[in-house]
Amino acid sequence: MADASLQGKLIEFKGASLAVMTAYVRETDAVRLADALHMMLGGMPDFFAGEPAILDFSQLGTSPDRVDWTAVLSLLRRYQLQPVGVRNLDEHLQEGARRAGLAVLGAESFSAERPVAAAQPRTPPPAPAPAPAPAPAPTLSPAPVEAAPQAPVTAPSDNGLAPTLVVDRPLRSGQQVYAKGGDLVLLAGMSPGSEIIADGSIHCYGPLRGRALAGARGDTSARIFSTNFGPELVSIAGVYRTFERGIPQTVAGRGAQVRLTGSDNLHTLEITPLQYD
Amino acid sequence: MARVIVVTSGKGGVGKTTTSASISTGLALRGFKTAVIDFDVGLRNLDLIMGCERRVVYDLINVVNGEANLNQALIKDKHCDNLFILPASQTRDKDALTEEGVEKVLKDLEHLGFDYILCDSPAGIERGAVMALTFADEAIVVSNPEVSSVRDSDRILGILQSKSRRAIEGREPVKEHLLVTRYSPKRVEDGEMLSYKDVQELLRIPLIGVIPESDDVLQASNQGTPAIHLKDSDVATAYLDVVARFLDEDRPLRFVAYEKPGLLKRLFGGK
């Protein structure tokens with residue numbers, strides 16, 4: 001039996017702020033979106049792990065006459081993203097979005113505008129908000145197949161620094177580690193078939209042999225460093241490269257770094273040997 | 001305190017059961033009271049390798065389910081007084097293994113005064129394999145010198161790190177040993193096989209030994225005699241070395257260098 005005092009309150013309302021991801025949608029054609037998502041996320045169908053998201057259409061080029069919401073939503077849900085609402089959508093498209101079960105939100109409901117960063121709660125939290133560091137809000141955590149061994153998570157910053165995740169045993173095939181909001185340091189290398197993901201940079205002492213994805217939330221300044229380079233795949237902010245024809249001679253088995261060069265829409269991955277003496 | 005040792009590999013057919021039989025025999029020959037448990041429920045093999053298949057009355061699942069007690073199920077080895085075999089059930093499946101049941105069997109074996117308990121893991125990473133490694137103190141990871149076997153061994157090392165009791169409770173991690181089996185120095189020389197150094201470099205755990213590929217193993221299996229009993233064979237010598245190293249004795253690696261057959265040998269054949 002429920003508590004007597006709760007008898008009359010079968011439903012109760014309280015204020016809450018939800019951290020959501022904003023997806024800036026620049027294309028409404030489902031086929032082209034599908035291609036773009038496939039390029040970005042490849043074979044990681046559960047990448048978003050049920051993350052709620054607001055679809056923002058402010059960067060949409062020309063507004064189409066109609067949008068096939070069913071196709072767009074089912075596409076996003078395939079990657080386990082949960083679209084909950086839209087904003088900055090042209091008025092003639094709003095009715096369709098409503099009918100597809102999406103909330104139509106006014107632009108004023110939001111404060112955060114930084115792409116990729118989290119929407120901040122409207123009322124400032126009692127404690128001083130962590131300064132510029134990427135807000136730890138949206139958990140992209142791709143459900144670990146076998147979580148990192150003894151994942152020694154550093155306490156989330158109260159000094160404004162993003163936490164660094166240090167793994168000091170070898171990462172084995174089938175294991176996956178995600179450093180949310182910060183850098184990842186591997187002290188014993190990784191094996192083929194394992195996967196490391198970091199929102200910041202990746203530092204790998206020992207062999208880098210699995211898949212390494214840095215800047216997972218779009219940080220194009222993230223880099224990957226390794227003392228023994230030999231990965232299956234590297235990616236920075238979604239720009240990735242595989243090594244079907246082998247690792248370039250200049251870096252294979254040696255110290256190397258991976259970074260993005262070029263500007264906004266013309267990023268290229270550059271892999272260069274590391275000099276140390 | 002009994003030490004629980006899991007013999008595991010991920011991949012099938014690499015020599016787990018041969019290794020379990022030989023190492024448990026080797027430990028028993030050294031005077032340690034040793035039990036070897038077959039975790040391959042549904043596909044039991046250990047009893048064949050140990051030559052006790054006709055003496056199986058009760059099995060591991062009977063003990064787990066309380067249908068028999070340990071003393072009824074343990075089979076005394078025909079060669080060594082200190083060695084006992086706990087066979088797997090052939091008629092049940094691996095879901096019959098429960099964590100509580102396995103834990104109780106291991107506790108009871110400890111109370112019976114066993115020094116070493118070897119768990120012969122089934123191939124794969126499913127329930128049977130996970131149950132075999134859950135309570136391990138040490139792990140002997142058996143790998144053949146080829147990439148798919150090494151990859152699977154790597155996977156099982158990851159599971160050891162995440163699913164063993166020691167890992168879950170945050171105790172000292174399971175002590176890992178690498179055993180390279182079916183090693184042919186000639187084929188390594190010819191570049192057809194990974195060298196044991198390559199395997200170790202890929203897996204990055206301490207090497208406890210290299211067992212040469214040999215027809216003797218097949219013969220021993222068919223006879224139901226653990227390979228370690230084959231007097232003067234390379235395989236038996238290599239397994240005796242492994243047992244010695246396991247007991248912290250220093251033994252140089254043997255049977256890893258390829259010697260070109262000399263003129264006489266080439267003329268007169270010979271093995």
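Our structure is the block above this text.
Here the structure is a predicted model, which is why all the values come from computation and not from measurement.

Draft legend 1. Spotlight on the overall build of chain A. When helices and strands are counted, chain A shows three helices and 15 strands. Counting across all 277 residues of chain A, residues that qualify as buried make up 40%. Here the analysis covers contacts within chain A between residues at least 6 apart in sequence; of these, 42% occur between residues at least 24 apart.

Draft legend 2. The packing of aromatic side chains, seen in detail. All names here are of chain B. For the coordinates displayed, the defined rule picks out six aromatic pairs over all chains. On the basis of an interplanar angle of 80 degrees and a centroid distance of 5.1 Å, the ring pair of F32 and Y116 is categorised as edge-to-face. Separated by 84 residues along the polypeptide, F32 in the loop between α1 (16–29) and β2 (34–38) and Y116 in strand β5 (residues 116–120) bring together distant segments of the chain. Among the residues examined, F32 registers a relative accessible area of 26% and is labelled partly exposed. Judged by relative accessible area, Y116 falls into the buried class, the value being 12%. One aromatic cluster is present, built from ring pairs that chain together F32, Y116 and F246.

Draft legend 3. View of the environment of R209 of chain A. By the secondary structure assignment, R209 of chain A is in the loop between β9 (202–208) and β10 (211–214). Of the residues examined, R209 of chain A reaches a relative accessible area of 12% and is grouped as buried. For the pair R209 of chain A and E195 of chain A, spaced 14 residues apart in the sequence, the C-alpha separation amounts to 9.0 Å. In this structure R209 of chain A touches M190, S191, P192, N228, G230, P231 and E232 of chain A together with E201, L202 and R204 of chain B, once residues within four positions along its chain are discounted.

Draft legend 4. Spotlight on the interface of chain B and chain A. Counting from both sides, the interface comprises 16 residues of chain B and, opposite them, 18 residues of chain A. Together, the buried faces of chain B and chain A total about 1,400 Å²; carbon and sulfur atoms form 37% of this surface. Looking at the side of chain B facing chain A, the largest losses of area belong to R155, Q161 and R204 of chain B, adding up to 46% of the total buried there. Remark: the boundary between chain B and chain A carries four salt bridges. Note that E201 of chain B is salt-bridged to R209 of chain A, the shortest N-O span being 3.4 Å. In this structure, the connection of chain B to chain A is made through nine residue pairs in polar contact (both at pLDDT 80 or more). Secondary-structure elements contributing two or more residues to the side of chain B that touches chain A are α7 (147–163) and α10 (196–203) of chain B. Of the residues forming the side of chain B that touches chain A, the biggest block, nine residues, is contributed by α7 of chain B. Across the side of chain B that touches chain A, the residue classes tally to six nonpolar, three polar and seven charged.

Draft legend 5. Seen up close, the pairing of β5 of chain B. Residues and elements named next belong to chain B. Among the five residues in β5, five count as buried, and that is most of the element. Burial along β5 is two-sided: Y116, L118 and D120 and I117 and C119, pointing in opposite directions, are all buried. Inspection of the sheet shows strand β1 (residues 3–8) paired to β5 by five bridges, in the parallel sense. When the bridges of β5 are listed, R3 appears paired with Y116. Note that β2 and β5 share five bridges and pair parallel. Counted as the bridge partner of A35 is I117 from β5.

Draft legend 6. Structural view of the environment of G238 of chain A. The residue G238 of chain A is located in the loop between β12 (233–236) and β13 (239–242) in this model. Its relative accessible area of 29% is what places G238 of chain A among the partly exposed residues.

Draft legend 7. Examining helix α6 (residues 127–134) of chain B more closely. Residue and element names in this part refer to chain B. Among the eight residues of α6, seven are classified as buried, and the element is accordingly described as predominantly covered. Taken as a whole, α6 has its buried residues at G128, A129, V130, M131, A132, L133 and T134. Here the buried face of α6 lies against β1, α5 (99–111), β5, α7 and α8 (165–168).

Draft legend 8. Molecular detail of the pattern of salt bridges. The final tally for this structure, using the stated rule, is 28 salt bridges over all chains. For R87 of chain A, the salt bridge is made with D56 of chain A, and the minimal N-O distance between the two is 3.2 Å. One end of the pair, R87 of chain A, is in strand β3 (residues 81–87); the other, D56 of chain A, is in strand β2 (residues 51–56), with 31 residues separating them in the sequence. Owing to a relative accessible area of 0%, D56 of chain A belongs among the buried residues under this scheme. For E213 of chain B, the salt bridge identified is with R182 of chain B, shortest N-O distance 3.2 Å. Residue E213 of chain B is found in the loop between β8 (207–212) and α11 (215–223), and its partner R182 of chain B is found in strand β7 (residues 175–183); the two are separated by 31 residues along the sequence.

Draft legend 9. Representation of the side chain of D199 of chain A in the model. Residue and element names in this part refer to chain A. Looking at the secondary structure, you find D199 in the loop between β8 (195–198) and β9. Look at D199 and you get buried, because its relative accessible area is 7%. Reaching out from D199, the side chain makes a polar contact with the side chain of R217 at a distance of 3.0 Å.

Draft legend 10. Spotlight on the sheet that holds strand β15 (residues 268–273) of chain A. Residue and element names in this part refer to chain A. Strand order across the open sheet formed by six strands is β5-β7-β9-β11-β14-β15, with mixed pairing between neighbours. Single-partner strands in this sheet number two, and they are β5 (165–167) and β15. Averaged over all adjacent pairs, the angle separating strand axes in this sheet is 20 degrees, with direction ignored.

Draft legend 11. Here's a closer look at α5 of chain B. Residues and elements named next belong to chain B. If you check α5, its first and last C-alpha atoms are 18 Å apart, about what 13 residues at 1.5 Å a residue would give, namely 18 Å. Among the residues making up α5, those that are buried are G101, V102, V105, L106 and L109. Along the axis of α5, the buried positions cluster into a sector of 135 degrees, meaning they face one direction only. Turned more than 90 degrees away from the buried face of α5, the exposed residues are E100, K104 and H111. Buried residues along α5 sit against β2, α3 (60–64), α4 (70–73), β4 (83–86), β5 and α6. Just beyond α5, the residue with positive phi is G113, at close to 90 degrees.

Rules of the game
Residues numbered from 1 in each chain as written. Chains lettered and ligands numbered in written order. Predicted model: local features only at pLDDT ≥ 70, side-chain atom pairs only at ≥ 80, totals over all residues. Heavy atoms only, no water. Helix = DSSP H or I, 4+ residues; strand = E, 2+ residues; numbered from the N terminus. Buried < 20%, exposed > 50% of the residue type's maximum accessible area, 1.4 Å probe, protein only. Contact = heavy atoms within 4.5 Å. Phe/Tyr/Trp six-rings, centres within 6.5 Å; stacked < 30°, edge-to-face > 60°. Buried area = accessible area lost by both parts, 1.4 Å probe. Salt bridge = Lys/Arg side-chain N within 4 Å of Asp/Glu carboxyl O. Polar contact = N/O pair within 3.5 Å; in protein donor to acceptor, adjacent residues only side chain to side chain. Nonpolar A, V, L, I, M, F, W, Y, C, P; charged D, E, K, R; others polar. Pairing = 2+ DSSP bridges. Axes fitted to C-alpha atoms, helices over the stretch in contact; angles between N-to-C directions. Expected span 1.5 Å × (residues − 1). Arc of directions from axis to C-beta.

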